[in-house]
Amino acid sequence: VQLAESGGGLVQPGGSLRLSCAASGIILSMYTMDWYRQAPGKQRELVARIDTSGNTNYVDSVKGRFTISRENAKNRLYLQMNSLQPEDTAVYYCHAVGGVYNGRNHNSGWGQGTQVTVSS
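Residues numbered from 1 in each chain as written. Predicted model: local features only at pLDDT ≥ 70, side-chain atom pairs only at ≥ 80, totals over all residues. Heavy atoms only, no water.

S.K.: Tell me about the side chain of Arg 37, and name the residues and values.
M.R.: Tracing the backbone shows Arg 37 in strand 4 (residues 33-38). For Arg 37, the side chain forms a polar contact with the side chain of Tyr 92, separated by 3.0 Å. Not counting chain neighbours up to four residues away, the residues in contact with Arg 37 comprise Gln 43, Arg 44, Glu 45, Val 47, Ser 61, Val 62, Phe 66, Glu 87, Asp 88, Ala 90, Val 91 and Tyr 92. (Helix = DSSP H or I, 4+ residues; strand = E, 2+ residues; numbered from the N terminus. Polar contact = N/O pair within 3.5 Å; in protein donor to acceptor, adjacent residues only side chain to side chain. Contact = heavy atoms within 4.5 Å.)

S.K.: So what's going on with the state of the cysteines? Which residues, and what values?
M.R.: Using the criterion set out here, one finds 1 disulfide in the structure. Disulfide pairing places Cys 21 opposite Cys 94 at an S-S distance of 2.1 Å. Disulfide Cys 21 to Cys 94: torsion about the S-S bond roughly -75°, handedness left-handed. Within this pair, whereas Cys 21 is found in strand 3 (residues 17-24), its partner Cys 94 is found in strand 9 (residues 90-96), the two being separated by 73 residues in sequence. On the basis of relative accessibility, which here comes to 0%, the residue Cys 94 falls in the buried class. (Disulfide = S-S within 2.5 Å. Buried < 20%, exposed > 50% of the residue type's maximum accessible area, 1.4 Å probe, protein only.)

S.K.: So what about the pattern of salt bridges? Which residues, and what values?
M.R.: This structure, assessed with the given rule, holds 5 salt bridges. In this structure, Asp 34 and Arg 49 form a salt bridge, with 2.6 Å as the shortest nitrogen-oxygen distance. Of this pair, Asp 34 sits in strand 4 while Arg 49 sits in strand 5 (residues 45-50), and the two are 15 residues apart along the sequence. The salt bridge involving Asp 60 is made with Lys 63; its shortest N-O contact spans 3.0 Å. Residue classification places Asp 60 among the exposed residues on the basis of a relative accessible area of 61%. (Salt bridge = Lys/Arg side-chain N within 4 Å of Asp/Glu carboxyl O.)

Dropping the structure here:
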């Protein structure tokens, strides 16, 4: 499993960013996929999840602002982030959920992360 995030950067409060995660070695549509984030001095936090049926879940702090999606034809995962706030500052990671589901085994994997900084 190889995952590579991109799209991070510096943005002002209230701004938007779209993160992208390119997957190789797996068929993204067959995996439950997550976006995690880790702020300095804090534990890594699950931000959003999309399962193989397209069902999504979000941590309360980003509901209504962030949208997780996938583009199967490009084998990519996205996180659209709107109304960004300083507390959203973190390194964001793409994660492929491992384990047995949908009748087959899945290998877990992490990307290297992309920095998102929200500051004026």
